Amino acid sequence: MLQDIRDKSQGIVVKIIVGFIVVTFALFGVDALVTSFNSSDTVAEVDGVDITRTQMLQGAETQRRQLISMMGGQVNPALLEDNLLQRRALDELVQRVVLANQAKGLGLGVSDAQVNTYLLQAEQFQTNGQFDQNKYLNFIRSLGFTPLAFKERIKQDVLIQQPRNAIAGSEFVLPYQVDSVSKLQSQERTYDYVSFSLADESENTSVSDDELKAYYEANKENFKTPEQVKVNYVVISSSDFYGKVKITDAELQDAYQASISVLAQEERSASHILIETSDRSDDEAKKRLEEVEAKLKAGAKFADLAAKYSDDIGSNKDGGNLGYVEKGIMGSAFDDTLFSMKKGEVKSVKGQYGYHLIKLDDISKPDVPSFASKKEELQQKLREDKARDALLTAHEDITDLAYASDKLDAIAKEYGVDVLQSAYFGRDGGSDEVTSNPAVIAAAFGAPVLEDGQNSNLVELSDDQVVVLHLNDHKPEAFQSYEETKEQVASIVVQNKAVESLRAKAEKAKSASNTKWTSVKDAKRGQDEMASLAFSLPHPDGKPVIEVKGLSNGDLALIRLNKVDAGNATVPDDQKLAYERYLNQTQATLSTQGQQDYLKNKAKIER
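Residues numbered from 1 in each chain as written. Predicted model: local features only at pLDDT ≥ 70, side-chain atom pairs only at ≥ 80, totals over all residues. Heavy atoms only, no water.

## Considerations on the overall build of the chain
On a plain count of helices and strands, the chain comes out with 22 helices and 19 strands. Its C-alpha atoms give the chain a radius of gyration of 38 Å, more than 25% over the compact-globule value 25 Å for 607 residues. Relative to its full complement of 607 residues, the chain shows a buried share of 32%. Taking as baseline every contact in the chain between residues at least 6 positions apart, the subset at least 24 positions apart corresponds to 71%. A total accessible area of about 36,600 Å² is found for the chain, and carbon and sulfur atoms account for 50% of it. Positive and negative side-chain charges of the chain, numbering 71 and 94 respectively, have mean locations separated by a distance of 3 Å. (Helix = DSSP H or I, 4+ residues; strand = E, 2+ residues; numbered from the N terminus. Rg over C-alpha atoms; globule rule 2.2 N^0.38 Å. Buried < 20%, exposed > 50% of the residue type's maximum accessible area, 1.4 Å probe, protein only. Contact = heavy atoms within 4.5 Å. Areas by Shrake-Rupley, 256 points an atom, 1.4 Å probe, with all protein chains shown as cover. Lys, Arg positive; Asp, Glu negative; His and termini not counted. Charge placed at Lys NZ, Arg CZ, Asp CG, Glu CD.)

## Structural notes on the layout of surface pockets
Rolled over the atoms, a probe sized like a water molecule indicates the empty space that remains. Its volume calculated, the second largest pocket comes out at about 490 Å³. Along its surface, the second largest pocket is lined by 19 residues, and Gln55, Arg96, Glu152, Arg153 and Gln156 are the ones closest to its centre. Those elements giving two or more residues to the lining of the second largest pocket turn out to be strand S2 (49-52), helix H4 (53-71), helix H5 (82-105) and helix H8 (147-169). Looking at side-chain class alone, the lining of the second largest pocket contains eight nonpolar, five polar and six charged residues. (1 Å grid on protein atoms, 1.4 Å probe; cavity = no way out; pocket = protein on both sides within 12 Å on 5 of 7 lines; lining within 4 Å. Points joined across faces, edges and corners; volume = space filled by probe spheres on them. Nonpolar A, V, L, I, M, F, W, Y, C, P; charged D, E, K, R; others polar.)

## Quick word on the nonpolar core
By size, the foremost hydrophobic cluster in this structure holds 41 residues, and its most contacted members are Ile51, Val229 and Val467. Put simply, the parts of the chain that give this core at least two residues each are strand S1 (42-46), H4, H5, strand S7 (228-237), helix H18 (438-444), helix H19 (447-450), strand S13 (459-462) and strand S14 (465-475). In terms of residues, this core owes the most to one element, H5, which gives nine residues. Setting aside residues up to four positions removed in sequence, Val467 forms contacts with Tyr233, Val234, Val235, Val434, Val440, Asn457, Leu458, Val459 and Leu461. Counting 16 residues, the second-largest nonpolar core is a separate cluster that includes Phe241, Ile411, Ala412 and Val417. (Core = buried A, V, L, I, M, F, W, Y, C linked by side-chain atoms within 4.5 Å.)

## Focus: the pairing of strand S10 (residues 346-350)
Across five bridges, the pairing between S10 and strand S11 (residues 354-364) is antiparallel. Bridging across to S11, Val349 finds its partner in His356. Where S10 folds back on S11, the antiparallel hairpin that results is connected by three residues. (Pairing = 2+ DSSP bridges.)

## Topic: the sheet that holds strand S12 (residues 420-421)
The strand order S12-S7-S14-S13 describes an open sheet built from four strands, whose pairing is antiparallel. Sheet topology places S12 and S13 at the edges, where each strand pairs with a single neighbour. As defined by bridge partners, S7 adjoins S14 across ten bridges and the pair is classed as antiparallel. Its bridge partner being in S14, Asn232 is matched across the sheet by His470. Docked against the sheet, helix H16 (residues 371-404) engages S7, S13 and S14, running at close to 30° with respect to S14. (Axes fitted to C-alpha atoms, helices over the stretch in contact; angles between N-to-C directions.)

## Structural notes on the side chain of Ser259
Among the secondary structure elements, Ser259 is positioned in helix H12 (residues 249-261). Engagement of the side chain of Ser259 in a polar contact is seen with the backbone oxygen of Tyr256, the distance being 2.7 Å. Non-local contacts of Ser259, meaning those with residues more than four positions away in its chain, are made with Lys374 and Leu378. (Polar contact = N/O pair within 3.5 Å; in protein donor to acceptor, adjacent residues only side chain to side chain.)

## Re the pattern of salt bridges
Scanning the model with the defined rule gives 32 salt bridges in all. A salt bridge links Arg153 to Glu92; the shortest N-O distance between them is 3.6 Å. Of the two residues, Arg153 sits in helix H8 while Glu92 sits in helix H5, which places them 61 residues apart along the sequence. A salt bridge links Lys155 to Asp112; the nearest nitrogen and oxygen atoms lie 2.7 Å apart. Of the two residues, Lys155 is situated in helix H8 and Asp112 in helix H6 (residues 112-121); the sequence distance between them amounts to 43 residues. Taking the relative accessible area as the measure of exposure, Asp112 reaches 45% and is therefore partly exposed. Within the structure, one salt-bridge network assembled from shared partners comprises Lys381, Asp385, Arg388 and Asp464. (Salt bridge = Lys/Arg side-chain N within 4 Å of Asp/Glu carboxyl O.)

## Looking at the sheet that holds strand S18 (residues 556-565)
The four strands are arranged S16-S5-S18-S17 in an open sheet whose pairing can be described as antiparallel. At either end of the open sheet lies a strand with only one pairing partner, and these are strand S16 (518-524) and strand S17 (545-550). Looking at each pair of strands side by side, their axes are set apart by 30° on average, direction ignored. Of the pairings in the sheet, the one linking strand S5 (residues 188-196) to S18 comprises nine bridges and is antiparallel in character. Across the sheet, the residue bridging to Arg189 is Val564, located in S18. Along the sheet, helix H20 (residues 482-509) makes contact with S5, S17 and S18, crossing S18 at roughly 40°.

## What to know about a negative patch on the surface
Negative charge collects at one region of the surface, where Glu396, Asp397, Asp400 and Glu414 lie side by side. Of the residues forming the negative patch, the biggest block, three residues, is contributed by H16. With respect to the element layout, Asp397 can be found in helix H16. Judged by relative accessible area, which is 45%, Asp397 ranks as partly exposed. (Patch = residues over 30% accessible without salt bridge, like charges linked within 9 Å, V, L, I, M, F, W, Y side chains within 5 Å.)

## Here's the deal with the packing of aromatic side chains
Within this structure, the stated rule accounts for twelve aromatic pairs. With a centroid separation of 6.3 Å and an interplanar angle of 45°, the aromatic rings of Tyr191 and Tyr193 are classed as tilted. Per residue, the accessibility class of Tyr191 equals that of Tyr193, and both read buried. On the basis of an interplanar angle of 65° and a centroid distance of 5.6 Å, the ring pair of Tyr216 and Tyr482 is categorised as edge-to-face. A residue pair is termed long-range when its members are at least 10 positions apart, and Tyr216 in helix H11 (residues 209-218) and Tyr482 in helix H20 qualify at 266 residues. With respect to burial, Tyr216 and Tyr482 carry one shared label: buried. Ring pairing ties together the aromatic residues Phe125, Phe131, Tyr136, Phe139 and Phe150, which thus form one cluster. One Lys or Arg, Lys475, reaches over the ring of Tyr424 and ends 4.0 Å from the middle of that ring. (Phe/Tyr/Trp six-rings, centres within 6.5 Å; stacked < 30°, edge-to-face > 60°. Lys NZ or Arg CZ within 6 Å of the ring centre and 35° of its normal.)

## Examining the packing of H11 against H20
The axes of two packed helices give the description: the angle between them and the distance between them. Relative to each other, H11 and H20 sit at 100°, their axes nearing to 9 Å. Classed by the angle they form, the pair H11 and H20 counts as roughly perpendicular. When H11 is examined against H20, the residues Asp209, Glu211, Leu212, Lys213, Tyr215 and Tyr216 are found in contact with a partner set consisting of Tyr482, Thr485, Lys486, Val489, Ala490, Ile492, Val493, Asn496 and Lys497. (Parallel < 35°, antiparallel > 145°, perpendicular 65-115°, else oblique.)

## Re the pairing of S17
The pairing of S17 with S18 spans six bridges and is classified as antiparallel. Note on S18: the bridge partner recorded for Lys549 is Ala557.

## Looking at the environment of Val173
Turning to its location among the elements, Val173 is positioned in the loop between H8 and helix H9 (175-185). Val173 sits 414 residues away from Gln587 along the chain, and the two C-alpha atoms are 8.6 Å apart. Contact partners of Val173, with chain neighbours within four places excluded, come to Val178, Glu580, Leu583, Asn584 and Gln587.

Structure below.
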């Protein structure tokens, strides 16, 4: 493909295009040209507000990342298909414009300061509790936003949330609603039942070959080998950048200081005698302190003096004992004195509430590891962090290489990795870490890879690994032969016949005099599966309600509901509060959705 472009770049048409570009630069400048090339087609219009293709693609990418973040490897790959994501993204954008127009019509607004506060406090942009500029920029860059555009997006989020919060905040729940839910939850039911085993019935069920063939022909669409692909791929890991990152001694020292700063601080066990100045003058307090110091020098015990003279009612009866304290607990003047003392020493200092006579009883120092003992660990951690940042920085280059070539060789050569090959896998994924990843599956079966033969976009496997893939082979969906499916067909037909037979037996048992019922009295909601089925039946109206129900293991149950009691168990207040919160949240959700639907139906929308 690239060679074709190079070969044709000498033609007259290309020269005309180049001439046009030169003239445009000369007459209108670079900005005009770039703007014209970057302009996006309008995909929808809502009350005069345009929604561009770029916005839709950005929204689809955001949804893809959110699904993977929330569900990880459990997300259904079908949810990550481009067409589905783009339709959902467009629906969301339409809804956002409708809500934004409503908020503006109400005269609501959001300041830049509010947005900045939100971003600075968002945990996803923090490292060790502090805002991380690199993490923030990498995140918004991965979504295709500029910093300004992303802030505008957040500003709109906060704006449209204001009317929704107002609607939700106006909801309330009446006591009778809570009581109704409480009564339903404490309801009890008395019933009889008979169970019928599917496994036992299946063992006694026979089928003919003609029945199997007839079922196969009637349900042939259900017996297909799924569509499968085999892909070539390159995995680029943060570890591939280990040799390219450098770690300085200054960085190691900074990392060491940061690591020991989170260790426990030095603690000091102290006793004190407090002479308050709130009810006496400063001179009176000093005189009392001097009296205490004189008696201490004369041989009096510190504990006895504390009991007699200290105004600290929390410690004076315990000899003035404060226990172990860290810096920042007792005030700066107290701390400065205490943490400058030697064990057994006594000093006085004036604090916020008066004069302290402090005695240092003991010192407890944390076990701080040496720099030498931590150096290797710190080097590895710094190497991993820097390599991860280098991989994030390389995302754009990897994407460019993937786009510029119709093979993976250029990427493999640039980053010194091998081109690997997968086994065949379907839309439910493969068995290894790469092909079982939902984002990889979605990319493999996406139109660019599967139909156009292009390299995929960069796919993040984790913070430390990305992958780009290319189609190796494709096996379309195909019908399986009868012989290939005979065993599966036999299992289905046997089970269907067994269920049909059991249902006939259950219907017959409804009125049979020899039916052996098992009785259950005052069953509570959700106590077991049979009780849950009994709670699904309507209330008896003068006579028992009898129905056949299916169990999760395939068995059938004939259930006869005889009686429903409201239940007289007292519902705890905390449980009632939980019911009230549930009802309030449910009503708020319904009201908010109803308001959104009303605004959307009233808006003029063109797609």
